[in-house]
Each structure stands twice: as C-alpha cells, then as structure tokens.
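Here are the chains, one letter per residue:
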Amino acid sequence: MALFQIKNTKISGIAACLPKNEYCNRDYTWIPLEERELFIKTTGIEKRRVAEKGVTTSDLCFIAAEKLIKELSWNKNEIDILIFVSQSRDYLIPCTSVILQDRLGLSKRTLAFDVPLGCSGYIYGMAIMDNFLSSGILKKGILMTGDISTINCAYTDKSTYPLFGDAGTATAIEYSENSNAHYYNLGSDGSGWEAISVPDGGLRNYVSKSSLDEREIAPGMIRSNIQLQLNGIDIFNFSLSEVPSNITELLSSSDKPIEKIDYFIFHQANMLINESIRKKLKIQKEKVPFTIHKFGNTSSASIPLTMISEIRNELMSKELELVLCGFGVGLSWGSVYFKTDKIVCSELIEI
Amino acid sequence: MITIEEFIQKLELEFDAITPGTLKPESVLRESVEWNSVNALILIAMINTEYDIILNAEDLKSIVTVNDIYQIIKMRMTK
C-alpha cells in the first residue's frame, strides 16, 4: 500500500504560467445557450485559458521555471534534478525534460526525465522528487507540471471541449535537514483507463488515416480517435468513491485531525465533483480554494496554479498545514499532507 | 430510512427545472428534467453526498420513474 512519509525535503518556491488568451464558455455556440448556462452553473467552468498554436507545455513551464530560479537566487549549476510531468510533450521522441535541461542552461550532470501523468501528476511528481532528495545526496530539484489539453479536444465534442484550460508550472524542492515530513497516499486503478483516453497514436492503435476520421458518438459529440474522449459518469463515480477515503486514510496515518488543516487544494476537475468531495469530508468552504471558474481543468498544473492564484500571500508569509490531492486520468490519484514555511511564490505569469 | 416524500423534496431542490410540489413517485424522470449528462451528474452527486450510494451508468439506464431511483437507494441502504 502506497501510504508513506518522506523526511528532509521542503518546497521552496512555486511559479505558474498561463496563456493570456481567454475563452468564455458562454460563447461556445456548438451547444444551445440554455445548455451552456447549465454547464457553467454545474461545472463552474466559465472561462479558461487557451494557448496559441505553436506554444507547448514546456514553453509555459520554462517561463515559470526561469522566473522562479531567479527569484530564489538559485545557482543553476546546483540544480541536480529536473522532472517534467505532462501528457503533452514536445516530441514523441525524445522526452521533453532533457530538452528543458539544455534550454534552462542546467548542468550536464542534471538528472532529467518525464512522468506522463495528468490530474494526479503534481502529487506523484512531488513524491518522486522527495524520494530523490531526502537522502541529501541530490540537493535541489525543479518539478515542472502542466498540460496543453485544449489542442486534443474537438470543438464539436461538448463532453470535452469546454472543460480544459492550458497552464504550466514550476516548483522548487530541496533537501532540508529536519524539515517536517511529507505524508503521501497514492493509488491507481487501470481498469478505468478508458474513462479519459486518446484511443489512437500509441502502439496499441498506431496512428493511421482512419485515426483522423470524425465520427458522431452521440448528439453534440463528434470527434476522431486522436482526440480526447471522456466518460463523465465514470470519472465522477471514481472521484467520489476514491478521493474522500484516500484523504481520510492519509490524515489518520499522520495523526492529523481534519479540522487542523488550513487549506485543502484539490485538483480542479469540476465544481460538482469538487464540492461533492468537500461535502463528504465535511470541510468548510473557505478552506477549499478554487480556480476552476476562471482557468478550467488544467491537469497537473491545477494544484500549484490554485495555490499561487488563491493563497499566495499566506503561503509567502506564514506556516500552513496543507493537504493537496490530485485525481483523474489513469485512473490515478494521490494526496499529500505537509507543513509549509514561507514559500517563495512568483506572481502569476501570463504570456 | 428516508421516505419517498423526503426524497422527492430533495430532488425538487436539486433541479431548478422542476416546480416544487409537482413531482410524484410515478413521474418519469426524463419528462421532468431534460436528460443530459450534466443533469445525470447532478443526480449522482446528490445521491452520493446525501446517501453515500453510487449510481453507475447501468443504474441510470434502468431508471424510468422517481420511484425507481428511490427503490435503488432503499435497497442499497438496507444492505
């Protein structure tokens, strides 16, 4: 069971970068106005950011990382490890993290690799980074997370198009002797892999001419096999059955009563899911900040993005007890409980 | 155990399209609210947060009337 703690690491800084280009779901004329209003009311997703053609996830992460490294006054030669968590890589081959090592001007002694997870990716990325750093042999790491999801969603598919926004983030994590432990609880359920997937383009269904054929799956849902498919009901039921119990288990393993937590930062899936989870855990509304209404579902960027956007001043000025929780595509999920101590938070970057 | 009247009241609160006091146990759900994926999710969310019961896609297909949903809840709550 993946319930464990890691000592001697801390988050030193966070930065996030968004495209300036804003789409409003009220203008999504593929569906009738009434349906748009019901969608916005239920999912909470009113606006979202969409990257211009040609901009990649690594571009957004690169900008966030450059600003963060500067504000932390980190010497680039001291960065030992770089992890890029994303499902939207620059090329099929090679992996993007290695390109970022060079682009950021990091040493050739830097360890770099990609982790292709989505909504749960920030928590997994933190856990991997913590594991590398906790022994003190490697000292400093940059974790980049995010996705450009909008490129994979068909305009003619109402079940995916209005949900996602684009974003990239960078988090600085370092070895820090005697820091408070980070408690993790991670899980996977591959039996639900189809619930969020792109059928063609990998080796199981190699890309072919028919991959581009658009088909009507249901009214208002026309897409091809290289575009994202999403089963809302399955995701919803998965989230409600796994997430609350995962968090309860995490907090009881770390002897932390739920009332003592200052903030719960959830992956921004949609308002109905997030509110249902909050109600099941009986957490007060003001302890669960959200950005879903203005940025949409930003995959593995949603947790650090919400931290920067909603509780930046508190993160910078005082100690906080946080629970972060990511869940979704895979199916994959995880939560972490830890104390922060004055994190450097760059102002939200828009390009 | 909740009564069907209490369950109907909760449903009427959840769906703006339903005029309070008009829903009956024999009402056909698809005629009372426009049946789309968003409304399906609202129903699942309500039943899960209120009764800790998960309605899956099969359940949704089998449901016709308000009483059908109530019977599913009743059966799973007494298990």
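Residues numbered from 1 in each chain as written. Chains lettered and ligands numbered in written order. Predicted model: local features only at pLDDT ≥ 70, side-chain atom pairs only at ≥ 80, totals over all residues.

Chemist: Can you help me understand the overall build of chain B in this one?
Modeler: A tally of regular secondary structure across chain B gives 5 helices and 0 strands. Mapped from its N terminus to its C terminus, chain B presents α and β elements in the order α-α-α-α-α. Its C-alpha atoms give chain B a radius of gyration of 11 Å, within 12% of the compact-globule value 12 Å for 79 residues. C-alpha atoms of chain B, sized along the principal axes, occupy 30 × 25 × 20 Å. Considering only contacts within chain B whose residues lie at least 6 apart along the sequence, 52% involve residues at least 24 apart. (Helix = DSSP H or I, 4+ residues; strand = E, 2+ residues; numbered from the N terminus. Rg over C-alpha atoms; globule rule 2.2 N^0.38 Å. Contact = placed C-beta atoms within 7 Å.)

Chemist: So what exactly am I meant to see when it comes to the overall build of chain A here?
Modeler: When helices and strands are counted, chain A shows 8 helices and 18 strands. Computed over C-alpha atoms, the radius of gyration of chain A comes to 19 Å, within 12% of the 20 Å expected from 2.2 N^0.38 for 351 residues, which places it in the range of a compact globule. When its C-alpha atoms are laid out on the principal axes, chain A stretches across 55 × 45 × 35 Å. Within chain A, the fraction of its 351 residues that count as buried is 49%. (Buried ≥ 20, exposed ≤ 12 C-beta atoms within 10 Å, placed from the backbone.)

Chemist: Where do I start with the sheet that holds strand E15 (residues 319-328) of chain A in this structure?
Modeler: Backbone-to-backbone hydrogen bonds pair the strands of a sheet. The strands run either parallel or antiparallel. Residues and elements named next belong to chain A. Pairing within the open sheet is mixed, and its 5 strands lie in the order E1-E9-E16-E15-E14. Two strands lie at the open edges of the sheet, namely strand E1 (2-6) and strand E14 (263-266), each paired on one side alone. Pairs of neighbouring strands in the sheet enclose a mean axial angle of 15 degrees, with direction left out of account. Pairing of strand E9 (residues 182-188) with strand E16 (residues 332-341), which is carried by 6 bridges, proceeds in the antiparallel orientation. Bridge pairing links Ser 188 to Ser 332 in E16. Sheet strands in contact with helix H5 (residues 232-253) are E1, E9, E15 and E16, and its direction is about 40 degrees off that of E16. (Pairing = 2+ DSSP bridges. Axes fitted to C-alpha atoms, helices over the stretch in contact; angles between N-to-C directions.)

Chemist: What should I look at first to understand helix H6 (residues 271-281) of chain A in this one?
Modeler: In an α-helix there are 3.6 residues to a turn, and that puts residues three or four apart on one side. What H6 of chain A keeps buried is the set Leu 272, Ile 273, Asn 274, Ser 276, Ile 277 and Leu 281 of chain A. Among the residues trailing H6 of chain A, Lys 282 of chain A stands out with phi positive, at a value near 55 degrees.

Chemist: Before we go on, may I ask you to explain unusual backbone geometry in this structure?
Modeler: Note: most peptide bonds trans; most residues except glycine with negative phi. Looking along the chain, the bond that leaves Ile 93 of chain A and enters Pro 94 of chain A is cis, with omega of 0 degrees. Here the residue pair Gly 330 of chain A and Leu 331 of chain A is connected by a cis peptide bond, since its omega of 0 degrees sits within 30 degrees of zero. Take Leu 331 of chain A: it is sitting in the loop between E15 and E16. Not every positive phi belongs to a glycine, and Ser 73 of chain A is a case in point at roughly 55 degrees. Among the structural elements, Ser 73 of chain A can be located in the loop between helix H2 (57-72) and strand E5 (79-85). Non-glycine residue Asp 52 of chain B carries a positive phi angle of around 60 degrees. Counting through the fold element by element, Asp 52 of chain B comes out in the loop between helix H3 (37-51) and helix H4 (57-62).

Chemist: Explain the confidence of the model for chain B to me, please; I cannot follow it from the model alone.
Modeler: When pLDDT drops low, the exact placement of atoms in the prediction is not to be read closely. All names here are of chain B. Per-residue pLDDT for chain B averages 86, and the proportion of residues at 70 or more is 99%. No element of chain B has a lower mean pLDDT than helix H2 (residues 29-32), which averages 81, and none a higher one than helix H1 (residues 4-14), which averages 88. Across the interface, the model reports ipTM at 0.80; the global pTM reads 0.94. (pLDDT = per-residue confidence, 0-100.)

Chemist: For this particular structure, what's the right way to read the environment of Ile 73 of chain B?
Modeler: Looking at the element boundaries, Ile 73 of chain B is found in helix H5 (residues 66-78). Residues within four places of Ile 73 of chain B in sequence aside, it is in contact with Phe 7, Ile 47, Tyr 51 and Ile 53 of chain B.

Chemist: I keep staring at the pairing of E14 of chain A and nothing clicks. Help me out?
Modeler: Within a regular beta strand, the side chains point alternately toward one face of the sheet and then the other, so they alternate between its two faces. Residues and elements named next belong to chain A. Because side chains alternate across E14, one face comprises the buried residues Tyr 263 and Ile 265, and the other comprises Phe 264 and Phe 266, equally buried. By the bridge criterion, 4 bridges tie E14 to E15 in an arrangement that is parallel. Looking at E15, one finds that Phe 266 is bridged to Cys 325.

Chemist: When you look at the interface of chain B and chain A in this model, what are you seeing that I'm missing?
Modeler: Interfaces are often sized by the amount of accessible area the parts lose when they come together. Chain B puts 13 residues into the contact, and the matching count from chain A is 15 residues. At 9 residues, H3 of chain B tops the list of elements feeding residues into the side of chain B that touches chain A.

Chemist: Hey, could you run me through the environment of Gly 232 of chain A in this one?
Modeler: In this fold, Gly 232 of chain A is placed in helix H5. Taking the C-beta count within 10 Å as the criterion, Gly 232 of chain A has 21 such neighbours and is therefore assigned buried. Residues in contact with Gly 232 of chain A, not counting those within four places in the same chain, are Ser 159 of chain A together with Ser 37 and Leu 41 of chain B.

Chemist: Even after reading the chapter, I still don't get the nonpolar core, so can you show me in this structure?
Modeler: One broad rule of soluble globular proteins: the nonpolar side chains tend to lie buried together. With 99 residues, the main nonpolar core has Ala 16, Ala 64, Ala 65, Leu 82, Ile 83, Val 85 and Met 144 of chain A as its most contacted residues. Ranked by the residues each element gives to this core, the list is headed by H5 of chain A, at 8 residues. If near-sequence neighbours (up to four positions away) are discounted, Ala 65 of chain A is found in contact with Leu 104, Ile 142, Met 144 and Ala 170 of chain A. Counting residues in hydrophobic clusters, the runner-up holds 7 residues, among them Ile 8, Leu 11, Ile 63 and Val 66 of chain B. (Core = buried A, V, L, I, M, F, W, Y, C linked by C-beta atoms within 7 Å.)

Chemist: Please clarify how the pairing of E16 of chain A should be interpreted in this entry.
Modeler: All names here are of chain A. In terms of burial, E16 is a largely internal element, 8 of the 10 residues being buried. The sheet contact formed by E15 and E16 spans 10 bridges and is antiparallel. Within the sheet, the bridge partner assigned to Phe 327 lies in E16 and is Trp 333. Taking the residues that link successive antiparallel strands as the turn, the E15-E16 hairpin has 3 residues, and the phi of Gly 330 there is positive, at about 145 degrees.

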